[in-house]
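Each chain, letter by letter, is given below.
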Amino acid sequence: MNWKRYDFIRRNASPLEVDLIEHYAQGAISRRDFVKRGTILGLSTTAMAAVISACGSGEAETTTAAPGATAAPGTTGAPTQGGALKIGIQQGDANSGLDPLNMLDLGTYSVLSQSFEYLVGLAEDGNIGATGLASSWSPNDDGTQWTFNLREGITWHDGTPFTSADVAATVDRMVVAGAGLAGVVSEGAVETPDDLTAVINLDKANGNLPVLISIYNPQSLITPVDYADGTTLDAVQAGTGPWLFESHDPTTFTTVFTANENYWGGRPNLDSIELIGFGSEGARVSAMQARELDMIQQFGVVDGRSLLDDGDFTVLKPPSANHRQLWFNTQLPEGGPFTDARVRRAFGFMLDRQQMVDVLFEGFATVGNDHPVHPTLPFFDADATPQRGRDIEMAKQLLADAGYEGLSATIEAGDILVSPDMGAIVQQNALEAGVDLTVNVTANSDFYGEYWCTGAPWGNQPETGGPGRPCGASAPIGIVDYGHRPTPDVYFGRALETDGDWNSSNYASTEFDRLFAEYQAAVDVSGQQAAVGQIQQLLHEDAPALYPFFFDYLSGHDDSVSGVQVTALGHMKLEKASKSA
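The text that follows walks through the structure, step by step, so that each part is easy to find.

Reading the values: rules and limits
Residues numbered from 1 in each chain as written. Predicted model: local features only at pLDDT ≥ 70, side-chain atom pairs only at ≥ 80, totals over all residues. Heavy atoms only, no water. Helix = DSSP H or I, 4+ residues; strand = E, 2+ residues; numbered from the N terminus. Rg over C-alpha atoms; globule rule 2.2 N^0.38 Å. Contact = heavy atoms within 4.5 Å. Areas by Shrake-Rupley, 256 points an atom, 1.4 Å probe, with all protein chains shown as cover. Lys, Arg positive; Asp, Glu negative; His and termini not counted. Charge placed at Lys NZ, Arg CZ, Asp CG, Glu CD. Buried < 20%, exposed > 50% of the residue type's maximum accessible area, 1.4 Å probe, protein only. Axes fitted to C-alpha atoms, helices over the stretch in contact; angles between N-to-C directions. Parallel < 35°, antiparallel > 145°, perpendicular 65-115°, else oblique. Nonpolar A, V, L, I, M, F, W, Y, C, P; charged D, E, K, R; others polar. Phe/Tyr/Trp six-rings, centres within 6.5 Å; stacked < 30°, edge-to-face > 60°. Lys NZ or Arg CZ within 6 Å of the ring centre and 35° of its normal. Disulfide = S-S within 2.5 Å. Salt bridge = Lys/Arg side-chain N within 4 Å of Asp/Glu carboxyl O. Pairing = 2+ DSSP bridges. Polar contact = N/O pair within 3.5 Å; in protein donor to acceptor, adjacent residues only side chain to side chain. Expected span 1.5 Å × (residues − 1). Core = buried A, V, L, I, M, F, W, Y, C linked by side-chain atoms within 4.5 Å.

1. With respect to the overall build of the protein chain
When its secondary structure is counted, the protein chain shows 17 helices and 24 strands. Rg of the C-alpha trace for the protein chain: 23 Å, near the compact-globule value of 25 Å for 581 residues, within the 12% margin. When its C-alpha atoms are laid out on the principal axes, the protein chain stretches across 65 × 60 × 45 Å. Long-range contacts, defined as pairs at least 24 residues apart, comprise 70% of the intrachain contacts of the protein chain with a sequence gap of at least 6. Just so you have it, the protein chain exposes about 21200 Å², and 49% of that area is on carbon and sulfur atoms. Counting 32 positive and 74 negative side-chain charges, the protein chain places the centres of these two groups 6 Å from one another.

2. Brief notes about the side chain of Ser 445
Residue placement: Ser 445 occurs in helix H14 (residues 444–450). Taking relative accessible area as the criterion, Ser 445 reaches 18% and is therefore assigned buried. Among residues more than four places away in sequence, those in contact with Ser 445 are Gly 92, Asp 93, Ala 94 and Asn 95.

3. Topic: the packing of helix H2 (residues 15–25) against helix H3 (residues 31–41)
With their axes 10 Å apart at the nearest point, H2 and H3 run at an angle of 175° to one another. Our classification of the angle between H2 and H3 gives roughly antiparallel. Along the contact surface, H2 presents Leu 16, Glu 17, Leu 20, Ile 21 and Tyr 24, while H3 presents Arg 31, Phe 34, Arg 37, Gly 38 and Leu 41. Of the residues in the contact of H2 with H3, the class split is six nonpolar, one polar and three charged.

4. A closer look at the packing of aromatic side chains
By the definition in use, this model includes 26 aromatic pairs. Centre to centre, the rings of Phe 116 and Tyr 227 are 5.5 Å apart; their planes meet at 75°, and the pair counts as edge-to-face. Taken together, the residues Phe 116 in the loop between helix H5 (106–115) and strand E2 (121–122) and Tyr 227 in the loop between helix H7 (209–212) and strand E8 (243–249) connect sequence positions 111 residues apart. When its relative accessible area of 4% is taken as the criterion, Tyr 227 is described as buried. Seen from their ring centres, Phe 338 and Phe 347 are 5.6 Å apart, and the 70° between their planes marks the pair as edge-to-face. Here the two residues Phe 338 and Phe 347 agree in accessibility, since each one is buried. In this structure an aromatic cluster arises from ring pairing among Trp 327, Phe 447, Tyr 448, Trp 452, Tyr 482, Tyr 491 and Trp 502. Lying over the aromatic face of Phe 349, Arg 388 brings its terminal NZ or CZ to 5.1 Å of the ring centre.

5. Details of the state of the cysteines
Applying the stated criterion across every chain yields a total of one disulfide. Disulfide pairing places Cys 453 opposite Cys 471 at an S-S distance of 2.2 Å. Its S-S torsion of about 70° marks the bond between Cys 453 and Cys 471 as right-handed, since a negative value means left-handed. Of this pair, Cys 453 sits in the loop between H14 and strand E17 (477–482) while Cys 471 sits in the loop between H14 and E17, and the two are 18 residues apart along the sequence. A single burial state applies to Cys 453 and to Cys 471, both of which are buried.

6. What to know about the pattern of salt bridges
Counting across every chain of the model gives 19 salt bridges. A salt bridge links Arg 514 to Glu 518, with the nearest nitrogen and oxygen atoms 2.5 Å apart. Separated by four residues within a single helix, Arg 514 and Glu 518 lie in helix H16 (residues 510–521), roughly one turn from each other. With relative accessibility at 35%, the residue Glu 518 sits in the partly exposed group. Connected via shared salt-bridge partners are Glu 261, Arg 267 and Asp 271.

7. Some details on the sheet that holds strand E5 (residues 145–150)
The strand order across the open sheet formed by four strands is E4-E5-E7-E6, and the pairing between neighbours is antiparallel. In this open sheet, the two edge strands, each paired with only one partner strand, are strand E4 (134–139) and strand E6 (190–194). Looking at each pair of strands side by side, their axes are set apart by 20° on average, direction ignored. Two strands pair when backbone bridges link them, and E5 and strand E7 (residues 197–201) are joined in this way by five bridges, in the antiparallel orientation. Bridge assignment links Thr 147 to a residue of E7, and that residue is Val 199. Against the sheet, H3 makes contact with E4 and E5, and its axis sits at roughly 95° relative to E4, the strand it touches most.

8. Some remarks on unusual backbone geometry
With an omega dihedral of -5°, the bond running from Leu 332 to Pro 333 counts as a cis peptide bond. Of note, Pro 333 is situated in the loop between strand E13 (322–328) and helix H10 (341–350). Backbone geometry at Arg 291 places phi at a positive 60°, although glycine is not the residue there. Turning to its location among the elements, Arg 291 is positioned in the loop between helix H8 (281–289) and strand E11 (295–296). Despite not being glycine, Ala 543 shows a phi value in the positive range, around 50°. Mapped onto the elements of the fold, Ala 543 is located in the loop between helix H17 (525–542) and strand E18 (545–546). Ala 543 gets classed as buried once you look at its relative accessible area, which sits at 0%.

9. Overview of the side chain of Asn 217
Within the secondary structure, Asn 217 sits in the loop between H7 and E8. Polar contacts involving the side chain of Asn 217 include one to the main-chain carbonyl oxygen of Leu 212, which spans 2.8 Å. What Asn 217 contacts, discounting residues up to four positions off in sequence, is Tyr 118, Met 174, Ala 179, Gly 180, Val 211, Leu 212 and Arg 494.

10. Overview of the pairing of E7
Summarising burial for E7: four of the five residues are buried, a large majority. Inspection of the sheet shows E6 paired to E7 by three bridges, in the antiparallel sense. When the bridges of E7 are listed, Asp 194 appears paired with Thr 197.

11. Remarks on H17
With 18 residues, H17 extends 26 Å from end C-alpha to end C-alpha; this agrees with the ideal 26 Å at 1.5 Å per step. All of the buried residues in H17 are Val 525, Gln 528, Ala 531, Val 532, Gly 533, Ile 535, Gln 536, Leu 538, Leu 539, His 540 and Asp 542. Buried positions along H17 lie against H2, H3, H10, helix H15 (489–495) and H16. Among the residues trailing H17, Ala 543 stands out with phi positive, at a value near 50°.

12. Some points on the nonpolar core
By size, the foremost hydrophobic cluster in this structure holds 118 residues, and its most contacted members are Phe 148 and Trp 452. Considering each element in turn, this core owes the most residues, six residues, to H17. Excluding residues within four positions of it along the chain, Phe 148 makes contact with Leu 119, Val 120, Ala 134, Ser 136, Trp 137, Leu 196, Thr 197, Ala 198, Ile 200, Leu 209, Pro 210 and Ile 213. Membership of the second largest hydrophobic core comes to 39 residues, among which are Leu 351, Leu 398, Leu 437 and Phe 549.

13. Some remarks on the sheet that holds strand E10 (residues 272–278)
Pairing within the open sheet is mixed, and its seven strands lie in the order E8-E9-E10-E1-E11-E20-E12. Each edge of the open sheet is held by one strand with a lone partner, namely E8 and strand E12 (313–316). Two elements, E8 and strand E9 (residues 254–259), share six bridges in a ladder whose sense is antiparallel. Its bridge partner being in E9, Leu 244 is matched across the sheet by Thr 258. Together, strand E1 (84–90), E8, E9 and E10 form the strand contacts of H5, whose direction differs from that of E1 by roughly 145°.

Next comes the structure, spelled out in structure tokens:
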């Protein structure tokens, strides 16, 4: 340990930074977790490198390619200029269209993030980074206020300057819509002391705010000050990003963009990109295999085996906490079987998680334990709950105790990736416990409005919603997809907190809300660990939803393409992409 250098760094650090530095120096967190957390707090690369050097880390220095960033084999020198890419993406939701605030699916995320950008962007390692509209950020001493410094010289596509007023208006729209900031900030929370400074005042301390307004909260795309809620990109073309909107065909969900000659990050290498929607994974994979496409947004192991075996195809595998949530409507219908936690836990004992990992992903996944905290996170508590295994006798006993022997129900699932096949495995697993399930598969573009959160404002039966029942008429049991986030804040706040706008379980637990608030307010590592461990235990017991696995996100492109970076939330960064002849 270089104590002189270490003490100098500590003396010049904020209280939150000191806490993180000391945890790293004491070996309480790994070097990787130190860098992840330091990035969230706004520590510079130089400062983090100095800490690592002062602590004399024994971990070997490694240089790895950026996840999802590739170079075409055999290419050297400057990227090829000009040309176009055709990319197969998930069919977008017809209900939301190209609405940056109310979009719900990976296909739409990928489209809108070509024109609009995030305050906090994507680093080369796949985590958040200062590559977006903010060049840097930092919290105050207790994490109740965060200051974001904006880049100079950025303009909207119409030439209007981008300023802090746009950030303030976007955050206000997010607050009103509940887009991941509910309970974190209130309307009017953003101060704009000058055009290049946005100061966000929080309702209470939050140690992860940059994540909530980053690329990993897709609905946080920064839009112009006068961009009203409900406005769509095809109706009002705008953005600060590398690509200018050209056209959109809602029937095929095909969108064309051209290069922004005045992009602040430099003109893209390509002249244009075309994102083409596919209603099924099989059709998307077939088009990629036939080279009708240059790139595919996402594919699964089973349907995409031909791509994994294709010697002229580059596979991209970014960091991923992707999962499927098997939700239960814990409140409706009143007196229904899934309002009883014993029935929900019984399903947890029915599931053959390893079968799902092996059959659905051929090992490209890990077993989950009925909460959304990925085991690689620094605050994951491995000792909080034992791994729930398959125990049919226990499942039968719980059903008998609840008075639901001979139970029958219908699982609702969208036709995205593995959801239908997962439903079939759950159906098979449950039959051994005497439960008769039917799996109903709906086109994913309609699924969200018909079965998942149908009682939400955008759903088909909003009158069934209300305080404590944000998704009143959601199906009694169903399967929904959740993309990667580097922290579980969105999973907790939008999908599980009382009145969360994605809470298809209608889960209303004052204990969960209290623990979630403790986790968010805990800007120190120990505090986050303590709260998350208790959350894991509570979700294991209450079982408002089950989380059988986390799976790898697979994307890729033909070897003629290079310079692409993707996220496990469907984003595709294409400003540095090129295509060789």
